[in-house]
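# Summary of structural features
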Amino acid sequence: MVRPCLARVGAPGDGYATDRDPYWGSGFFIAPGWLLTCAHVVGRGGAAVCRGESAMSVTWQERSAGDGWAERTGTGTAVLVAPRPEAAQAPRDRWPFPDLALVRVVGADDVPCLWLADREAGPRTPVGLYGWSVQTGELGIRHGDGELAGSDAQALLLAGSLPVGGLSGGPVIDLRHGSVVGVIKGRRPEEGVAVPVTALYELLDLRDGGPAVREALRAHDLHHLRRLDAAAAASSPSTASADFPAYPDWASYQAGLPGHAPAVTGITAELRTRLHGHLAQLPPPVGPGEVVHLVEDVKEQVRGERLPSLVLHTARTWREGAGLLYGLRTLEPGGGGTLVDLDAVLLYAAKVARTIAAERAGEVDPDRLGAFTGWIAGQAAGHRNWAVGEAIRALLAFEGGSLPRPAHQPAPAPQPAPALVPGPTPVPAPALAPGASRTDVLVKVCAAMYDGRYPWSVQLIYDGRDVTPVAADDRGVRAEELVRALREPLARALRQGDHGEHLAAIEVFLPRKLFDLPVDEWQLLPERPGGEEGHDAYDAYDEEDDFVDERAIPLGMRRTVVVRDMRRNASPPSPEWRRRWNGVQDGPLAAGTLHGRPPGAAHPPGARPAGRLAYYGGLTALGDAGVPVYCGPVGGGEGQAAMRDALMAGHAVVLWRRDGHDHEECGAFHRQAAELLTAARRASGLHGPVRDLRIRLADPDTARAHGLRGKIAVLFDPPDRPPYGAEAMRPPPPAAPAG
């Protein structure tokens, strides 16, 4: 099964001079004409080969007759090398992760291809290692059995039969499921090292090379669907032939493996192959959040309650979303549970079809979408669980009309509800009307430790209840380093939270000393070479390029960014806090002052409070819908003391100006804040006007023309969210290993 998919990579023939060894390493076909290998294997050909300017030789074997094997050779060109070395950089012995390369091979359009896993494999998984080797002095195919011993950062650790020279770039295959789970990278003294094949999906995020990865993955799924159809046709008596049989297809082979036994999964290898083939012909998801939210909605339906996983999944393709549901079980007291993965996968497929039809119908061929929905409907018609079948039919026939069917397919006649298949454990009926879900991002910066470092964490919060950790640093960083430390985990969390029309909001829990931290001005673009910070929002714009990177837009100009008090949220809400939150929710909002003086009154830099609780009385006297406004920073001095009193008085919404300024501008700032609160009317309407104001303030000419002043910050601190650190944190559900 593996041998015809395996290739060796080396120096090209005449016309491409090279002073390197003729044999560089191994690789394997993942789709017709597409070879996956290690970046360091391609790197042995030099910088020109890595850039795709020079070719490489790719050789594989095909069966000729009986057990005979004949060699074929094609010309390979590197389409993606990650990471790619700099032009003047020599090849390295220790190539950084992900250490993957995608090679386009001319003359390999009819090769069989391996099956890629959809998610990571677990420890102790039995695996086979395959590749070309010269270990014995003769170039040949090497195969060894081992197991996954664990992981180390981005690497899979291999035990048992360890890699030898030449195997780099070869596949690591899960022997229980018949799927590639890793790419052989090398070995250490006591263990082998492989790159998880799921790292290939991460390359979809690359602007250069990402489209090629998507094309290869699409070709992979369509190839296996064609092979499955060809195998079915060949098994028909009318098409049976006495000629030399074709290679067996992976779907048929996987059906007999232990990982696809009914006790492990309710999803057959054939169903999975057909599902992936249909999904491959749809427009790709907009981002990981779109996929993950459909997965979480499906889990809630088949279980009857929402239990978000504590493990952060970044699914960039529709097929990965289905992979997160394979082996899914309900949770029962004492462990165990009923297998509901087939219910979940079919509901997921129907939700994907409905999403595409409702939001992106112009991007897909109606016949292809119709073929997909027809296939789903056929699965639902014969499904064992009547409630699941009804839920699928409801998804495929929604308000405004039904999803399209193939042109040749008539409308289905009404079918009687199929009887539930009896079993030892009843299959639960799904809740058919879950509420719309939303995911936001929580950033927590704790009080400084003795050395001035601030520990931090980033989490996702689902529907204001359940959280999933994204990243954390208990040692912390200094205040000026927070923007650099939080950039990547914050970007990762936002990709997960954005879905459909929902842009994830950012709630930043801060100690009061850091309330002026300019999180709304942070950008998600990586820092420039040399470590320079602070991209201009227009730096990423090229007049010759219609692509504008959204990461260049300051966070507060695109999405809701609010400050919350870290210390107050560690305790149960006070009655005043609840009452004032109800007041600003009902509105109408009314502007007051944080310091208790008239709006135009000056408060020069360095002003100190007149005494303890100097502002508490005035802040307590404000109406429940009153919003204190302050024309100045609140991280120290008078502003910090007044903010403390506002929190003690129960205020949940406060506006202030966090930048330095001339205090003659304060009158204009207070008028501006009052107009903003009037436009918002209530707390829920505040975010849009604040975002609009930040956009207008970003352009000095616009700000000057409208008399706008200041960099505005917002405390938006509702008491009805779970206290930070006391959210429901449940273990992830048990599931079968990757398939």
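Residues numbered from 1 in each chain as written. Predicted model: local features only at pLDDT ≥ 70, side-chain atom pairs only at ≥ 80, totals over all residues. Heavy atoms only, no water.

An unreviewed UniProt entry lists the protein chain under the name vWA-MoxR associated protein C-terminal domain-containing protein, from Streptomyces broussonetiae.

### Quick look at the overall build of the protein chain
When helices and strands are tallied, the protein chain shows 19 helices and 23 strands. Per-residue burial for the protein chain yields a buried fraction of 52% across its 739 residues. In the protein chain, 72% of the contacts between residues at least 6 apart in sequence involve partners at least 24 apart. (Helix = DSSP H or I, 4+ residues; strand = E, 2+ residues; numbered from the N terminus. Buried < 20%, exposed > 50% of the residue type's maximum accessible area, 1.4 Å probe, protein only. Contact = heavy atoms within 4.5 Å.)

### Here's the deal with helix H9 (residues 341–359)
With 19 residues, H9 extends 26 Å between its outermost C-alpha atoms, agreeing within 8% with the 27 Å of an ideal straight helix rising 1.5 Å per residue. Burial runs high along H9: 16 of the 19 residues are buried. (Expected span 1.5 Å × (residues − 1).)

### So, unusual backbone geometry
The omega angle of the peptide bond from Ala-82 to Pro-83 is -5°, so this bond is cis rather than trans. Inspection of the secondary structure puts Pro-83 in the loop between strand E5 (69–82) and strand E6 (100–106). For the peptide bond that leads from Phe-97 to Pro-98, omega is 10°, which places it in the cis range. Positionally, Pro-98 belongs in the loop between E5 and E6. For Arg-124, which is not glycine, the phi dihedral falls at a positive 70°. Structurally, Arg-124 is set in the loop between E6 and strand E7 (126–133). One non-glycine residue, Ala-153, adopts positive backbone phi at about 55°. Along the chain, the position of Ala-153 falls in the loop between strand E8 (140–152) and strand E9 (155–160).

### Overview of the sheet that holds strand E12 (residues 192–196)
Taking strand neighbours around the barrel as the criterion, the six strands line up as E7-E8-E9-E12-E11-E10 in a closed arrangement whose pairing is antiparallel. Taking the axes of each pair of neighbouring strands and ignoring which way they run, one obtains an average angle of 45° across the sheet. (Pairing = 2+ DSSP bridges. Axes fitted to C-alpha atoms, helices over the stretch in contact; angles between N-to-C directions.)

### Details of the environment of Asp-473
Inspection of the secondary structure assignment puts Asp-473 in strand E17 (residues 466–477). For the pair Asp-473 and Ser-457, spaced 16 residues apart in the sequence, the C-alpha separation amounts to 6.3 Å. With sequence-adjacent residues up to four places away left out, Asp-473 is seen in contact with Pro-455 and Trp-456. A polar contact of 3.2 Å, which involves the side chain of Asp-473, links it to the backbone nitrogen of Gly-476. (Polar contact = N/O pair within 3.5 Å; in protein donor to acceptor, adjacent residues only side chain to side chain.)

### Topic: the sheet that holds strand E2 (residues 23–31)
One closed barrel holds the six strands; their spatial order is E1-E2-E3-E6-E5-E4, and the pairing between them is antiparallel. Ignoring which end each strand starts from, the neighbouring axes of this sheet average 40° apart. In terms of strand pairing, strand E1 (residues 6–10) meets strand E4 (residues 56–63) through four bridges, oriented antiparallel. By the bridge assignment for E4, Ala-7 is matched with Trp-60. Helix-sheet contacts for helix H4 (residues 210–234) involve E2, strand E3 (34–37), E5 and E6, and the interaxial angle to E2 is about 60°.

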